[in-house]
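Descriptive structure summary
Each chain, written out:
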Amino acid sequence: MSETCDGAALAPPLLDYTLRLADTALILGHRLSEWIGHAPVLEEEMALGNIALDLIGEARALYSYAGAVEGKGRDEDALAYRRDAGGFRNLLLVEQPNGDFAATIVRQFLFSAFAQPFWRRLAASRDATLAAIAAKSEKEAAYHLRHAGEWLIRLGDGTEESHRRAQAALDELWPYTGELFERDAVEDPLIAAGIAVDPETLRAEWQRTVSAVLAEATLEAPERVWMQSGGRSGRHSEHLGHLLATMQFLQRAYPGATW
Amino acid sequence: MSEVPMPLWEVFIRARNGLAHKHVGSVHAADAAMALQAARDVYTRRGEGLSIWVVPSGAITASDPAEKDMMFEPTASKIYRHPTFYRVPEDVGNM
């Protein structure tokens, strides 16, 4: 546990907070890795694989820290591969299936437009470990945002079919964006201690980024939709269990396997 | 789905400051901005570069391999064009 972090009282929320970040990075990274061998062109296969590796790298650093904060000897593999769906704390947005290429791009765009300013703020955290992970992740998220944003502009303002698919993906995924800005009893003491980021402070920048790209893409954000919630407290869509069954198979079938 | 192939772009990467951009390969992309992204994703995954150029492949004018005798053969006999052809006097030291 970081020396700047304020004693035992903050350890439980810090563990939850770190796991939320780690799970979100891992699940999105795994989703993107599902494109390997299936991407529309070689260039995008590499691009999506690169983003997946960035995210999985972020997850590894965060899991290692979570294991240290928890202090029960769980390492990154134990946290990634030996928890069930109810134990995962990722955002619902990132567990949504890849769908078509437009859906993958929209999901990445909506998330990265949040992640970049989030990491930038977290880089100023009073928790030295989180700040260091955030500083590295911010550069990665900046590229993820550019990659997805440029694609979304071209899909939205492309052919009739690409526009239709991009708009459909936006309508489908928009209800999962409310969770980006949720705040609960896990964050409250950490925000007060200068460790966590208050997500409300990111909303205006997220909206500006999203509006600018959607306008250029000739796409429309849905209005007044019911926002889904629950991922951050372990209530997931049906999709996560299937994802974990694939991702965790090896460690479940052959516990402790290494290569 | 229309299957119009995306244009081809040649990729040049400069590994370090002070070096020249060097041709490393090509990518398909719809336009220049996307070509730059694709080049970054395909050719700089192992820290290969500090700078990338992408050029439409069609913008490159290439010599004709069938003309290589005319183009390149005549230089083979002109060894005096190489600096190593000349003996440097001892007094000059390292050049």
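All of the points below concern the structure found in this document. (Residues numbered from 1 in each chain as written. Chains lettered and ligands numbered in written order. Predicted model: local features only at pLDDT ≥ 70, side-chain atom pairs only at ≥ 80, totals over all residues.)

**Here's the deal with the overall build of chain A**
Quick note on the threshold: Secondary structure elements follow DSSP: runs of H or I no shorter than four residues count as helices, runs of E no shorter than two count as strands, and numbering proceeds from the N terminus. Using C-beta atoms placed from the backbone, we call a residue buried if 20 or more other C-beta atoms fall within 10 Å of its own, exposed if 12 or fewer do, and partly exposed for counts in between. Throughout, a pair of residues is in contact if the C-beta atoms placed from their backbones lie within 7 Å.
Counting secondary structure elements, chain A contains eleven helices and zero strands. Mapped in sequence order, the helices and strands of chain A form the string α-α-α-α-α-α-α-α-α-α-α. For chain A, the proportion of its 259 residues judged to be buried stands at 46%. Considering only contacts in chain A between residues 6 or more positions apart, those separated by 24 or more positions represent 76%.

**Here we look at helix 7 (residues 160-173) of chain A**
Formally: One fewer than the residue count of a helix, multiplied by 1.5 Å, yields its expected span.
Helix length check: helix 7 of chain A, at 14 residues, gives a terminal C-alpha distance of 20 Å against a target of 20 Å (1.5 Å per residue), a fit within 8%. Here the buried face of helix 7 of chain A lies against helix 4 (92-95), helix 5 (101-122) and helix 6 (128-156) of chain A.

**A short note on the nonpolar core**
Residue and element names in this part refer to chain A. Stated formally: Among buried residues, those of type Ala, Val, Leu, Ile, Met, Phe, Trp, Tyr and Cys that are joined through C-beta atoms within 7 Å form a set called a nonpolar core.
In this structure, Ala 22, Leu 62, Ala 66, Ile 105, Val 106, Leu 152 and Ala 166 are the most contacted members of the largest nonpolar core, which totals 85 residues. Examining the composition of this core, we find that 13 residues originate from one element, helix 5, more than from any other. Once residues lying within four places of it in the same chain are set aside, the contact partners of Leu 152 are Ile 105, Val 106, Phe 109, Ala 166, Val 213 and Ala 217.

**Things to note about the sheet that holds strand 3 (residues 51-56) of chain B**
Backbone-to-backbone hydrogen bonds pair the strands of a sheet. The strands run either parallel or antiparallel. All names here are of chain B. So the rule is basically this: Being paired, for any two strands, means DSSP has found at least two bridges between them. Interaxial angles span 0 to 180 degrees and are taken between N-to-C directions of axes, which are lines fitted to C-alpha atoms, for helices over the stretch in contact.
With antiparallel pairing, the three strands of this open sheet are ordered in space as 2-1-3. Taken across any chain shown, the strands that pair with only one partner, and hence form the sheet edges, are strand 2 (22-28) and strand 3. Strand after strand, the sheet turns through a mean of 30° between neighbouring axes, direction not considered. Note: strand 1 (residues 8-14) against strand 2, six bridges, orientation antiparallel. Residue pairing for strand 2: Val 11 is matched across the bridge by Gly 25. The strands that helix 1 (residues 32-43) touches are strand 1, strand 2 and strand 3; relative to strand 3, the one it contacts most, it runs at about 130°.

**Description of the pairing of strand 1 of chain B**
All names here are of chain B. Of the two faces of strand 1, only one is covered, namely that formed by Trp 9, Val 11 and Ile 13; the face formed by Leu 8, Glu 10, Phe 12 and Arg 14 stays uncovered. Examined bridge by bridge, strand 1 and strand 3 share six bridges and lie antiparallel to one another. Looking at the pairing, Trp 9 lines up with Pro 56 of strand 3.

**Considering unusual backbone geometry**
Residue and element names in this part refer to chain A. Positive phi, close to 55°, is recorded for Thr 218, a residue that is not glycine. Relative to the elements of secondary structure, Thr 218 occurs in the loop between helix 9 (203-216) and helix 10 (239-247). What makes Thr 218 partly exposed here is the crowd of 13 C-beta atoms within 10 Å. The backbone of Arg 224 sits at a positive phi, close to 45°, despite the residue not being glycine. By secondary structure assignment, the location of Arg 224 is in the loop between helix 9 and helix 10.

**Quick notes on the packing of helix 6 of chain A against helix 7 of chain A**
All names here are of chain A. Defined as follows: In this scheme, roughly parallel covers angles under 35 degrees and roughly antiparallel covers those over 145, while 65 to 115 is roughly perpendicular and the rest are oblique. Only Asp, Glu, Lys and Arg are considered charged, only Ala, Val, Leu, Ile, Met, Phe, Trp, Tyr, Cys and Pro nonpolar, and every remaining residue, Gly among them, polar.
The geometry of helix 6 relative to helix 7 is characterised by a closest axis approach of 7 Å and an angle of 125° between their N-to-C directions. The angle between helix 6 and helix 7 falls in the class oblique. Across from Leu 152, Leu 155 and Gly 156 in helix 6, the residues of helix 7 making contact are Ser 162, His 163, Arg 165 and Ala 166. Residues of the contact of helix 6 with helix 7, tallied by class, amount to three nonpolar, three polar and one charged.

**Some words on helix 1 of chain B**
Compared with the 16 Å implied by 1.5 Å per residue over twelve residues, the 16 Å span of helix 1 of chain B between its first and last C-alpha is a close match. Within helix 1 of chain B, the full set of buried residues consists of Met 34, Ala 35, Gln 37, Ala 38, Ala 39, Arg 40, Asp 41 and Val 42 of chain B. Residues of helix 1 of chain B that are buried sit in contact with helix 2 (42-70) and helix 6 of chain A together with strand 1, strand 2 and strand 3 of chain B.

**Some points on the packing of helix 1 (residues 11-33) of chain A against helix 2 of chain A**
A pair of packed helices is captured by two measures, namely the crossing angle of their axes and the spacing between those axes. Residue and element names in this part refer to chain A. Heads up, the rule is: Should the near helix be turned anticlockwise from the far one by less than a right angle, the crossing is termed left-handed; should it be turned clockwise, right-handed.
Direction vectors running N to C along helix 1 and helix 2 enclose 160°, while the axes themselves pass 7 Å from each other. Here helix 2 runs roughly antiparallel to helix 1, going by the angle between their axes. By crossing handedness, the relation of helix 1 to helix 2 is classed as left-handed. Across the contact of helix 1 with helix 2, the residue classes tally to 21 nonpolar, four polar and two charged.

Take it as geometry only, folks, not as evidence of what the structure does.
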